[in-house]
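# Analysis of the macromolecular model
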Amino acid sequence: MADMYASLRSNVGTLGQILGETIRTNLDDTFLEKIEQIRQLAKSSRQGDEASRDEMLKLLTALPDNELVPFAKAFNQFLNLANIAEQFHTISRNCDELVCVPDPVEQLLGRVLSSNIDQEKMLDCLQNLDIDLVLTAHPTEISRRTLIQKYSSVIDSLAALENPQLTEREKKQHHLRLRQLIAQIWHTNEIRHERPTPVDEARWGLSTIEVSLWQAIPDFLRQLNEQVEERTGKQLPIDIAPVRFSSWMGGDRDGNPFVTAQVTQEVLDRNRHTAARLYLKDVVLLVNELSMEEANDELLALTNNSHEPYRDVLREIRQRLRNTVDYLNERLEGHHPEVDLSTIIWHENDLKDPLMMLYRSLEDSGMSLIANGLLLDMLRRLACFGIHMLRLDIRQDAQRHSDVIAELTRYLGMGDFNHWDESEKQAFLLRELSSKRPLIPSNWQASSDVAEVVSTCRLVASQPARALGSYVISMASKPSDVLTVLLLLKETGCPHPMRVVPLFETLADLNNASSCMSALFDIDWYRGYTKGHQEVMIGYSDSAKDAGVMAAAWAQYHAQEQLVEISRQADVKLTLFHGRGGTIGRGGGPAHEAILSQPPGSVDGRIRVTEQGEMIRFKFGLPKLAVQSLALYTSAVMEATLLPPPEPKPEWRACMQKIAEESVDAYRSIVREEPDFVAYFRAATPEVELGKLPLGSRPAKRRVDGGIESLRAIPWIFAWSQNRLMLPAWLGAGEALQAASERGELPLLQEMEQDWPFFKTRISMLEMVYAKAEPNLAKYYETCLVPENLHHLGDALRVRLATGVKAVMELTQSEVLMAHTPWNRESVELRNPYIDPLNFMQAELLARTRKEEGASTNVELALMLTIAGVAAGMRNTG
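What you see as residue numbers is a count from 1 along each chain, following the sequence as written. In keeping with the model being predicted, local features are shown solely for residues with a pLDDT of at least 70 and side-chain atom pairs are shown and tallied solely at 80 or more, while totals for entire chains, interfaces and linings include all residues. Computation of side-chain values: all heavy atoms of the structure, hydrogens and water removed.

## What about the overall build of the chain?
Put simply, the rule is: The secondary structure listing takes helices from DSSP runs of H or I that are at least 4 residues long and strands from runs of E that are at least 2 residues long, numbered from the N terminus. Within these notes, the globule rule equals 2.2 Å times the number of residues to the 0.38 power, and the radius of gyration is based on C-alpha atoms. Type-normalised accessible area, obtained with a 1.4 Å probe on protein chains alone, sets the label of each residue: buried when under 20%, exposed when over 50%, and partly exposed for intermediate values. Contacts are residue-level and defined by heavy atoms, with any inter-residue pair within 4.5 Å sufficient.
Across its full length, the chain holds 36 helices and 8 strands. For 878 residues, the compact-globule formula gives about 29 Å, and the C-alpha radius of gyration of the chain, at 28 Å, lands near that figure. Dimensions along the principal axes, computed over C-alpha positions, put the chain at roughly 85 × 80 × 60 Å. With 878 residues in all, the chain has 62% of them scored as buried. In the chain, once contacts between residues fewer than 6 apart in sequence are set aside, the share between residues at least 24 apart is 82%.

Right under this line is the structure:
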C-alpha cells in the first residue's frame, strides 16, 4: 500500500517544487522561504507542537498587505495541484473514491456469473439499465473554466512522463511544458470578476461533455463490451446506453430569478448546437475513413451504384449538420430564421437512420471490423446524448404553481385556490384536467411572476419530448402539487406526457411521501396519465438541514421502502431520483457505496442521481476518470438489482428508529432551540462573506429577507466546512450513537455496521467527516471572530464532536479514523499542512474586514482566495 501512494507523493512533490520555482521567479527567495517555513510549522503544529503553532501565527499575522494575495494564492494553488496529482493517481492506478481496486464491472460480472444468476438474466439487466446522471450547477465549483483546462493539461504531462520509453530530451520537454502550465496557472486570476449567469453554467456543463464524456462514453462501452464478450461470448447491442445525462443548468428556476423561459430556450438551443458541432467533427473523420466501394443492395440503390457510396451518404449528413450549426448560430444571435427541416438534422432519426444503414452495409459486406470502429462510437454517442446533448429538467417551487391557479381562479371569480383545502383543490384540478374547454382566457393579463411560470410551461409545450427530462416540483407535499403542474401543462398545449416529479425534501414531507403518492395512484385519471411509470425525487440537502444527517438518512431509506411497496401494489414502475450533493451533509459520498446502501428493490435497474458542483469535475472531468466513474455507477446499479442487500432485521430497524429520533432531537436542540445559535453561526463562519464570492447564478437564500431557515443547504454547509467544524454533517449523529452504546446496544451496532450496507455507509461517511473536522481550528475562528458571551456554544459543540468521534471509533474498534479507507485518509493528511495556514489566515482576514470599514482590495481578494483554497483542499464542500 505504501508503494501505491509513493507515486502520488512524488507527483505532489514535483508539482509543488515547480510551483515554488515559479513563485521564486516572480517574487523572491525571501518570500518563498517564508512560505516554506509556514508550511513546515503547520506540519509540526499538526503533531501537537504548540511552539510551532504560535510561531506560524506570528508569521501569518505579520504578513504585510502586499504579501497577502501571493501567500493565499501560493497555498491555494498547491492544493489545486495536489488535487490534480490525486486525479492522475486515480486514473493511472485504478483507484476509486475509497481505495485502489480492479475494474468494478469486471469484478461484478465474475461475482454474478459465479452465483446462481444465469447469464441471460445478467445480460437482460445490463441491456435494460437506465442510469440517468443529472448535472447541476450548484455554486460549489470554485475553479474557473480556463484554469480547469490548464489542470487537464498538467495531467496530460504527468501521464506522458510515466512513459518508460522517453528519451532524456523528451523528459526535459515534458518538464518544460509542466513549468509553462504552472506559470500560466500562477498568472491567471483564480477568482471570477463577475457571478456566472445560468447560461454560463450551462456552457460549463457542455464543456465537460466536450472535453471528456464525448470520448469516455464510447471508450466505456467498448471496454464493457469486451468484458461481456470474454465472459459470455455475446456482444452488446449497438444502441446500448446504460448511462445517459440530463441537466438542471438553465432549467432549475427554484429560487433563481435569473432562470427565465428565455434563458431556458437559449440553453436548449446551445445544447443542440454543441451536439451538432461534435457530430459534425465525427462525420468529417468518417468521410476520411469510409472510402470503400463494396456495399449492400440497400446502400447501392440509394447512391445509384456510386463508387464511394459511404462517402456520398456522409457528405449529405455533413452538409445537413453544417446547416444545423448555421441555423442555431442565427437563433443564438437573436434572429428567427426560416428553415426547411429537410435540410438540417432536427430529429434523432435524421442522423440515426443513415448511420445505421451504413453500419448494416459494412456488416453485410464482411467489414465488421470497420463498422465497429468510429461509426459504432458515433452510434453509441447518439444513443447516449441524442441530438439534444443533455435532456433538460425543469424545476420550480410548488407554491409558484399554486399561485398561478390562485390568481386565475380569483380573476374568474371562482374564489382563491390557495385558500381551498386539499380535497377541494383535487376536485377542481381533476375537473379541469378532464375538461375539453380552455381554462386560461386569451385576454388574461397575469402578474409578472405568474406570467413567467406560464411562459415556462408554454416553452415546455413547444419542445420535442426528447429535449426535456422531468418537471421537478420542489417542496412538494400533496397530490394537488402534482396535479397543478399537469393542469398548467395541459392549458399551455403540451402535446406529450411530461414526467412530473414531486421532490420530497423535508423530514415531514419524506415521512408523508408514500401517503401522497398512494393518493395519486388511487386517482384513475392520474394512473392513466403515468402509463405505469412514476418518478419520485428524494431530497438529501434540505432534509439533512432540517433534521440532521442521521435522521434524514433514515427518513430517506424508510420513504424509499414505502414508495417501492405502494408502487408494487399499484403495478407502477418506480424510478427514484436521488438529489445528492457533494458533501456528506447533502447526501454525498462515494456513489458505489451509496447505491448499494439503498433499500432492496429500490434500484431495480433504474436510477437518477444529481452530480453537483465540483464533483462533476472530480468524477467526469477527464476521459479516463469518467470511464471509471461510469463503470462504478454501472456495476453498483447492476449489483443492487441482481444481488440486492438484505432486508434489515426488525431489531436493526428498532435501533435505527431510536437513533433517528434521538439524533433529530439533539440536532434541533442546537439549530432551532439554542437562542445563541444563529449569532454564533454568523460570527464563527464566513457565511456573510460567502455571498460576495461570485460562485453560482443562484442567490444564497430562497427569500432575500429570510433568516437561517431560508438559507440554502449549500452555503449552510459551505460555511461550516470553511471553519472546519463541519457541523451539519455530524451534529446529532454522535450523541445518538453514544446513547445507543450506553443502553448496551454496542454489539447490535457492530452487527449492523458489519451486515447492513445502509448503516455501514452512514458510519463510513461519519468517519470521513470526523477526520476532516478540526476542532482546534474552529476554536481559533471563535477566538478571533465570536463575542465572548457566545463562546459557551463553541465549547458545547466541540464536546459533541468529541463524543461522536469516540462513539464511532468504539463502534468500529479502530484506533484511528478511516482505518478501513486508507486512500481517503492519505488524501486528507496530504492536504492538511496546506489548508491549515489558509484557515488561520482566513480567520485573521475575517476579523480585519469586520473591524475595518472598506477593507483594502488586497485584503478582500486574499480573503476570497483563502475561501477558494480551503474549498479546494476540502474538495466536497457543497
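What follows picks up the thread again.
## Things to note about a nonpolar patch on the surface
Quick reminder of the rule: What makes a patch is a set of residues exposed beyond 30% relative accessible area and free of salt bridges, joined within 9 Å when like-charged and within 5 Å when nonpolar (Val, Leu, Ile, Met, Phe, Trp, Tyr). Method for areas: the Shrake-Rupley scheme with a 1.4 Å probe, in which residue coverage is limited to the protein chains shown. A carboxyl oxygen of Asp or Glu within 4 Å of a side-chain nitrogen of Lys or Arg is what we treat as a salt bridge.
On the surface, Tyr411, Leu412 and Met414 cluster together to form a nonpolar patch covering roughly 260 Å² of accessible area. For Met414, the position within the fold is in the loop between helix H15 (398-411) and helix H16 (422-434). For Met414, a relative accessible area of 36% translates into the label partly exposed.

## A short note on unusual backbone geometry
In the Ramachandran plot, Asn305 falls in the positive-phi region, its phi being about 55° despite a non-glycine side chain. By the secondary structure assignment, Asn305 is in the loop between helix H11 (297-302) and helix H12 (309-332).

## Describing the environment of Cys384
Turning to its location among the elements, Cys384 is positioned in helix H14 (residues 368-385). Taking C-alpha positions, Cys384 is 10.0 Å from Asp132, a pair spaced 252 residues apart along the chain. When near neighbours in sequence (up to four residues on either side) are disregarded, Cys384 contacts Ile217, Ala241, Val243, Arg244 and Phe245.

## Topic: the sheet that holds strand E4 (residues 468-474)
Which entries qualify depends on this criterion: Two strands form a pair only when DSSP identifies at least two bridges running between them. Every angle, taken between N-to-C directions, lies between 0 and 180 degrees, and every axis is a line fitted to C-alpha atoms, over only the stretch in contact when it is a helix.
Within the closed barrel, the 8 strands sit side by side as E1-E2-E3-E4-E5-E6-E7-E8. Their pairing is parallel. The sheet shows a mean angle of 25° between the axes of neighbouring strands, direction not considered. Relative to strand E2 (residues 243-247), strand E1 (residues 130-136) runs parallel, the two being bridged by 5 bridges. Each bridged residue has a counterpart across the sheet, and for Leu135 the counterpart in E2 is Ser247. Against the sheet, H15 contacts strand E3 (391-397) and E4, and its axis sits at roughly 70° relative to E3.

## Some remarks on helix H2 (residues 29-46)
We count it as follows: The span expected for a helix works out to 1.5 Å for each residue beyond the first.
When the terminal C-alpha atoms of H2 are compared, their 26 Å separation across 18 residues agrees well with the 26 Å that a helix rising 1.5 Å per residue should span. In the segment just after H2, Gly48 is the residue with positive phi, at about 90°.

## Notes on the packing of helix H5 (residues 104-114) against helix H25 (residues 623-642)
Selection criterion: If an angle is under 35 degrees, it is roughly parallel; if it is over 145, roughly antiparallel; if it lies from 65 to 115, roughly perpendicular; otherwise it is oblique. Note: crossing handedness is left-handed where the near helix turns anticlockwise from the far helix by less than a right angle, and right-handed where it turns clockwise. Residues are grouped as follows: Ala, Val, Leu, Ile, Met, Phe, Trp, Tyr, Cys and Pro are nonpolar; Asp, Glu, Lys and Arg are charged; every other residue, Gly included, is polar.
As a packed pair, H5 and H25 sit with axes 8 Å apart at the nearest point and diverge in direction by 20°. Regarding the angle of H5 to H25, the classification is roughly parallel. Read as a crossing pair, H5 and H25 show a hand that is left-handed. Side by side, H5 and H25 meet where Pro104, Val105, Leu108, Leu109, Arg111 and Val112 of the first sit next to Ala631, Leu632, Ser635, Met638, Glu639 and Leu642 of the second. Classifying every residue of the contact of H5 with H25 gives 9 nonpolar, 1 polar and 2 charged.

## With respect to the state of the cysteines
Disulfides are covalent bonds that connect the sulfur atoms of two cysteines. Condition: Disulfides are defined as pairs of cysteine sulfur atoms found within 2.5 Å of each other.
Following the criterion strictly, the structure yields 0 disulfides and no others. With no disulfide of its own, Cys457 lies closest to Cys494 among cysteine sulfurs, the gap being 8.6 Å. Look at Cys457 and you get buried, because its relative accessible area is 1%.

## As for the packing of helix H17 (residues 448-462) against helix H18 (residues 479-491)
Across the interface, H17 lies against H18 with an axial gap of 8 Å and an inter-helix angle of 65°. The angle between H17 and H18 places the two elements in the roughly perpendicular class. H17 and H18 meet at a crossing whose hand is right-handed. In this structure, H17 uses Val453, Cys457, Arg458 and Val460 to contact H18, whose residues at the interface are Leu488, Leu489 and Glu491. Tallied by class, the residues present in the contact of H17 with H18 amount to 5 nonpolar, no polar and 2 charged.

## Some remarks on the confidence of the model for the chain
For residues with low pLDDT, the predicted coordinates do not support detailed interpretation. The condition is simple: Residue-level confidence of the predictor is summarised by pLDDT, bounded by 0 at the bottom and 100 at the top.
In this model, the chain carries a mean pLDDT of 89, and residues with pLDDT of at least 70 account for 93%. Across residues 96-100 the pLDDT falls below 50, and counting only partners more than four positions away or on other chains, this stretch makes 22 contacts in the model. Considering only residues more than four positions removed or in separate chains, one finds that residues 582-588, a stretch of pLDDT under 50, has 41 contacts.

## Remarks on the side chain of Glu674
Selection rule: The charged-residue count follows a simple rule in which Lys and Arg add positive charge and Asp and Glu add negative charge, with His and chain termini not counted at all.
Residue placement: Glu674 occurs in the loop between helix H26 (650-671) and helix H27 (677-684). For the buried Glu674, no salt bridge is present, and the opposite-charge side chain at shortest range is Arg800, 7.9 Å distant. Discounting chain neighbours no more than four positions away, the residues touching Glu674 are Ser669, His792 and Leu793.

## Examining the side chain of Thr866
Turning to its location among the elements, Thr866 is positioned in helix H36 (residues 857-874). Judged by its relative accessible area of 0%, Thr866 falls in the buried class. Those residues in contact with Thr866, other than ones at most four positions away along the chain, are Ala72, Gln722, Leu838, Met841, Gln842 and Leu845.

## Here we look at the layout of surface pockets
As a reminder of what qualifies: In this analysis, the protein atoms alone were mapped onto a 1 Å grid. Cavities are point sets where a 1.4 Å probe fits without being able to get out; pockets are open sets with protein on both sides within 12 Å along at least five of seven lines; lining residues have an atom within 4 Å of a point. Grid points are joined across faces, edges and corners, and a volume is the space filled by probe spheres set on the points.
Looking at the largest pocket, its volume works out to about 1,300 Å³. Looking at the largest pocket, it is lined by 50 residues, and the ones nearest its centre are Asp130, Arg244, Arg391, Arg466 and Arg499. Along the walls of the second largest pocket sit 38 residues, with Arg46, Glu829, Leu830, Asn832 and Pro833 positioned nearest its centre. Elements with a minimum of two residues in the lining of the second largest pocket: helix H1 (2-26), H2, helix H4 (65-92), helix H32 (757-772), helix H33 (775-785), helix H34 (791-812) and helix H35 (822-851). Tallied by class, the residues present in the lining of the second largest pocket amount to 21 nonpolar, 6 polar and 11 charged.

## A few points about the pairing of strand E6 (residues 533-539)
Extensive coverage of E6 is indicated by the burial of 6 of its 7 residues. As paired strands, E6 and strand E7 (residues 573-579) are joined by 7 bridges and run parallel to one another. From the neighbouring strand, Gln534 faces E7, where its bridge partner is Leu574.

## Focus on the packing of aromatic side chains
Keep this limit in mind: For Phe, Tyr and Trp, rings pair up if their centres lie within 6.5 Å, where Trp contributes its six-membered ring, and each pair is then called stacked (planes under 30 degrees apart), edge-to-face (over 60) or tilted (otherwise). Note on criteria: charge over ring means Lys NZ or Arg CZ within 6 Å of the ring centre, with the direction from the centre no more than 35 degrees off the ring normal.
Applying the stated rule across the entire model yields 29 aromatic pairs. Where Trp214 meets Phe385, the ring centres are 5.4 Å apart and the plane angle is 25°; that geometry is what we call stacked. Taken as a pair, Trp214 in helix H9 (residues 198-232) and Phe385 in helix H14 lie far apart in primary sequence, 171 residues in all. Neither residue differs from the other here; Trp214 and Phe385 are each classed as buried. Centre to centre, the rings of Trp248 and Phe577 are 6.0 Å apart; their planes meet at 75°, and the pair counts as edge-to-face. Separated by 329 residues along the polypeptide, Trp248 in the loop between E2 and helix H10 (261-289) and Phe577 in strand E7 bring together distant segments of the chain. Here Trp248 and Phe577 have matching classes, each one buried. These aromatic residues form a ring-pair network of at least three members: Trp554, Tyr557, Trp652, Trp756, Phe758 and Phe759. Over the aromatic face of Trp186 sits the side chain of Lys73, whose NZ or CZ is 5.6 Å from the ring centroid. Taking NZ or CZ as reference, Arg272 lies 3.6 Å from the ring centre of Trp346, over its face.

## A short note on the pattern of salt bridges
On inspection of all chains with the given rule, the structure shows 52 salt bridges. Its salt-bridge partner being Arg39, residue Glu36 comes within 2.8 Å of it at the nearest N-O pair. Of this pair, Glu36 and Arg39 both sit in helix H2, 3 residues apart, which is roughly one turn of the helix. The class of Glu36 is partly exposed, set by a relative accessible area of 34%.

## Digging into a negative patch on the surface
Put simply, the test is: Just so you know, the charge point we use is NZ for Lys, CZ for Arg, CG for Asp and CD for Glu.
Taken together, the side chains of Glu106, Glu226, Glu229 and Glu230 present a region of like negative charge at the surface. When residues of the negative patch are assigned to their parent elements, the largest contribution, 3 residues, is made by H9. Assignment of secondary structure puts Glu226 in helix H9.

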